[in-house]
Protein chains: 2
Amino acid sequence: MAESKKHEKQILAAFKKTGARIETKSRVKMKTKADFALYYTPGVGTMSTYLAEHPEEARTYSVKRNSVAVISDGTAVLGLGNIGPYGALPVMEGKALIFKEKADIDAWPIVLNITAIDPQERINEIVNTIMAIAPAWGGINLEDFSAPNCFEIEQRLIEALDIPVMHDDQHGTAIVTLAGLINAAKVTKKNFKKLKVVISGAGAAGVAITKLLRAAGIDDIIAVDRVGIIEPSRTDLNPVKQQLAEITNPRMVSGDLMNALIYADVFVGVSSAGLLSEDHIKVMAKDPIIFALANPIPEIMPGIARKAGAAVIATGRSDFPNQVNNALVFPGIFRGALDKGIRRITDDTKLRAAKALAALISNPTAEKILPDILDKRVVSAIAKSVR
Amino acid sequence: MAESKKHEKQILAAFKKTGARIETKSRVKMKTKADFALYYTPGVGTMSTYLAEHPEEARTYSVKRNSVAVISDGTAVLGLGNIGPYGALPVMEGKALIFKEKADIDAWPIVLNITAIDPQERINEIVNTIMAIAPAWGGINLEDFSAPNCFEIEQRLIEALDIPVMHDDQHGTAIVTLAGLINAAKVTKKNFKKLKVVISGAGAAGVAITKLLRAAGIDDIIAVDRVGIIEPSRTDLNPVKQQLAEITNPRMVSGDLMNALIYADVFVGVSSAGLLSEDHIKVMAKDPIIFALANPIPEIMPGIARKAGAAVIATGRSDFPNQVNNALVFPGIFRGALDKGIRRITDDTKLRAAKALAALISNPTAEKILPDILDKRVVSAIAKSVR
């Protein structure tokens, strides 16, 4: 504990020293009166008149060309939960930093102070705010919005705006999970489309992973939330989970996580620390694949999972092999979308991105199913896959 | 005209070449896994937990330390009017560029797409949007919001937020105008507080100039709008102009601009091109001071004003002497406010800023009442004056 406190102090000291992890930078010189006359007044008047008449050309003539707003309302920050806009800010700033470092995208953190308490009013306020500030951005990366609000927020923004909008907790996670699973199936010599998959957690990530694995051709998926297996007979399901019940659980299994896992090939956990035990793994099929993605403490620690017979183990952490991390995905997705003027990130794009990511590992092994965050091929491979 | 078209093409080509005039830049290295572990996950979790508990420390640990949002709804862009968010974007981006170049402030342009038509609904939407996105910013620079909406918008944001909020069209213009007038009075050997001032234009700038000159001790101010002199007997005044009527026109002059100018020492135009004639100047007191600030075409061209007897002439343009330009003011005001954690830009600060700016010209002349935009002393002098 003392050690941990000391480590926390070191982290805060490092953040204090840098103050901000990103800043702005001029792309033109402002050294002479002629510079001011061109890039400020009166030159800017010509540019303003032009863009007022040709708003679609903002992509060519302004920051819109390469900018992404990283936006959160702070309701589902990491594993920390609803910690508000200031709690969310360090994560959004970190994402903006990664956007720049990995993909040379000009991203800026925007954290929302939304006062409405009623869920629908909250959704409306968030959607209205983001629509109002959208014109100058080339893309919008939604982050750490809690479920189920996140689904309606993302959907309405996608429909209303003419720029790419992606809720990374959903689709970034789904894409990197699918990529990892493609290679984990190779490692275990299992037929990918025949995989029996159990997804623990029916929040933003769980729902998006389910949908993307379905789109990738996997039919046998069981989703499990805190109450148990999600299935049509349950009366406590919100509309999103009702929809999930319709597209999952073809064998109509009932009960809890243990029931779901019998003969399953894959456990994908986007739920909570320590949820999975050795006993759970022991009821699974031969060579089970365990993606324990809860962060920072996974559903089961890799050592225990291995002892219980897991053939491939992935976590969200950087200190174990096979890190399943959104940061492998979002820089490339937006790089591709900005470069090609893509306005919607379709399921097809998500599938291609996952395949492109998986293909970077030519000989996957139990310890290496995904490229490293430092692998310089990742962004361009994913960007290329965006059409 | 062909020449002008050619010039416009050159401007557009320059903007197209740079694409964006600002970008983001990392302030930390992200070369190793340890970098990612510190500045992204899991390190960022410690920072998020800390800021959720100590939101006021976002000024120390995040982009909030040095960031300013440059926000417009595009309703009063330069002299171009209500040309919408995309029309406003080049100006806001230019201001963000100047913030960086002049004061090392990390500013980003945000242009608002506000759909409400009813004025009060519009104001509410704008205020709600800006309040919602405020947490990550160290300051908010409002720009090119039309009058009278701009007054309520600024006032409500100042009261609601704990960061400096300044509508630059009002206060930047007022501060630089006051600075210029202090030195113009010296040049003409007129007693500053006894100046008889006529202000043409009762929009954002006209109202703010009037108030700041009053605060600086000038009692004899007449404000004139399109209809004529603003005075209490008029029945067509909005609440802001009614307030103006109460604090101006002590000699109770009636009529039009010509009536207002009889024996006036100073004409300040923040109105429209060509409004002032030689005949107007001829009715003024000896050695009249003419600030013809309409942009890009002033109320009167300097050559004509001089021929009519003007002793000191200023415009908003960079191609004449005595450019009265907001860009002399806003970088220093926000630099000072950010450095000192100042939450409100008071009248007292505005007065001190104007005096500090004027004091940079030790021997003002008719051709040199204000420092140049390239003068490196300007930002620090104004920043020092902010308390």
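Everything discussed here concerns the structure shown above.
Residues numbered from 1 in each chain as written. Chains lettered and ligands numbered in written order. Predicted model: local features only at pLDDT ≥ 70, side-chain atom pairs only at ≥ 80, totals over all residues. Heavy atoms only, no water.

Draft legend 1. How the structure looks around the pairing of strand β2 (residues 67-72) of chain A. Residues and elements named next belong to chain A. For β2, a buried count of 6 out of 6 residues is recorded, marking the element as mostly surrounded by other parts of the structure. Here β2 shows a buried face lined by Ser67, Ala69 and Ile71 and a second buried face lined by Val68, Val70 and Ser72. Crossover handedness for the path β2 to helix α5 (residues 84-103) to strand β3 (residues 106-111): right-handed. The pairing of β2 with strand β4 (residues 139-142) spans 4 bridges and is classified as parallel. Along β4, the bridge assignment pairs Ala69 with Ile140. (Buried < 20%, exposed > 50% of the residue type's maximum accessible area, 1.4 Å probe, protein only. Helix = DSSP H or I, 4+ residues; strand = E, 2+ residues; numbered from the N terminus. Right-handed = clockwise from strand over helix to strand, strands pointing away. Pairing = 2+ DSSP bridges.)

Draft legend 2. Layout of the interface of chain A and chain B. Taken residue by residue, the interface counts 91 residues in chain A and 90 residues in chain B. Summing both partners gives a buried area of about 8800 Å² for chain A against chain B, and 67% of it is carried by carbon and sulfur. Applying the counting criterion to the chain A and chain B interface returns 30 residue pairs in polar contact (both at pLDDT 80 or more). Broken down by secondary-structure element, the contributors of at least two residues to the side of chain A that touches chain B are α1 (2-18), β1 (22-26), α2 (33-39), α3 (43-53), α4 (58-61), α5, β3 and α6 (119-133) of chain A. The leading source of residues in the side of chain A that touches chain B is α5 of chain A, at 14 residues. Residue composition of the side of chain A that touches chain B, by class: 52 nonpolar, 21 polar and 18 charged. Where β1 of chain A and strand β1 (residues 22-26) of chain B come together, 5 bridges link them in antiparallel fashion. Its bridge partner being in β1 of chain B, Glu23 of chain A is matched across the sheet by Lys25 of chain B. (Contact = heavy atoms within 4.5 Å. Buried area = accessible area lost by both parts, 1.4 Å probe. Polar contact = N/O pair within 3.5 Å; in protein donor to acceptor, adjacent residues only side chain to side chain. Nonpolar A, V, L, I, M, F, W, Y, C, P; charged D, E, K, R; others polar.)

Draft legend 3. Up close: the sheet that holds strand β9 (residues 289-292) of chain A. All names here are of chain A. The strand order β7-β6-β8-β9-β10 describes an open sheet built from 5 strands, whose pairing is parallel. Pairing within the sheet leaves two strands with one partner each, and these edge strands are β7 (220-224) and β10 (312-315). The sheet shows a mean angle of 10 degrees between the axes of neighbouring strands, direction not considered. Its contacts with the sheet put helix α8 (residues 168-187) on β6 (196-200), β8 (266-269), β9 and β10, and the angle it makes with β9 is roughly 155 degrees. (Axes fitted to C-alpha atoms, helices over the stretch in contact; angles between N-to-C directions.)

Draft legend 4. Summary view of the relation of the copies chain A and chain B. At an RMSD of 0.0 Å, chain A and chain B line up after a rotation of 180 degrees and a shift of 0.0 Å along the axis. Here the symmetry operator amounts to a two-fold rotation axis. Measuring from the rotation axis to each C-alpha of chain A, the shortest distance belongs to Thr24 of chain A, at 2.1 Å. (Least-squares fit on C-alpha atoms with pLDDT ≥ 70 in both.)

Draft legend 5. Spotlight on the pairing of strand β6 (residues 196-200) of chain B. All names here are of chain B. By the criterion of burial, β6 is predominantly enclosed, with 4 of the 5 residues buried. Where β6 lies against strand β7 (residues 220-224), 5 bridges are found, and the strand directions are parallel. Paired with Ile199 across the bridge in β7 is Ala223. Summarising the sheet, β6 and strand β8 (residues 266-269) pair through 4 bridges and their orientation is parallel. Counted as the bridge partner of Val198 is Phe267 from β8.

Draft legend 6. Main features of unusual backbone geometry. The amide bond that connects Thr41 of chain B to the next residue, Pro42 of chain B, takes the cis arrangement and shows omega of 10 degrees. Of note, the amide linkage connecting Asn295 of chain B to Pro296 of chain B takes the cis form, showing an omega dihedral of 0 degrees. Locating Pro296 of chain B in the fold gives a position in the loop between β9 (289-292) and α13 (302-307). If you check the backbone angles, Asn322 of chain A has positive phi at about 60 degrees while not being a glycine. In this fold, Asn322 of chain A is placed in the loop between β10 and α14 (330-340). Classification of Asn322 of chain A by relative accessible area gives buried; the value is 5%.

Draft legend 7. Spotlight on a nonpolar patch on the surface. Residues Ile297, Met301 and Ile304 of chain A make up a contiguous nonpolar surface patch of roughly 240 Å² in combined accessible area. Among the residues examined, Ile297 of chain A registers a relative accessible area of 48% and is labelled partly exposed. (Patch = residues over 30% accessible without salt bridge, like charges linked within 9 Å, V, L, I, M, F, W, Y side chains within 5 Å. Areas by Shrake-Rupley, 256 points an atom, 1.4 Å probe, with all protein chains shown as cover. Salt bridge = Lys/Arg side-chain N within 4 Å of Asp/Glu carboxyl O.)

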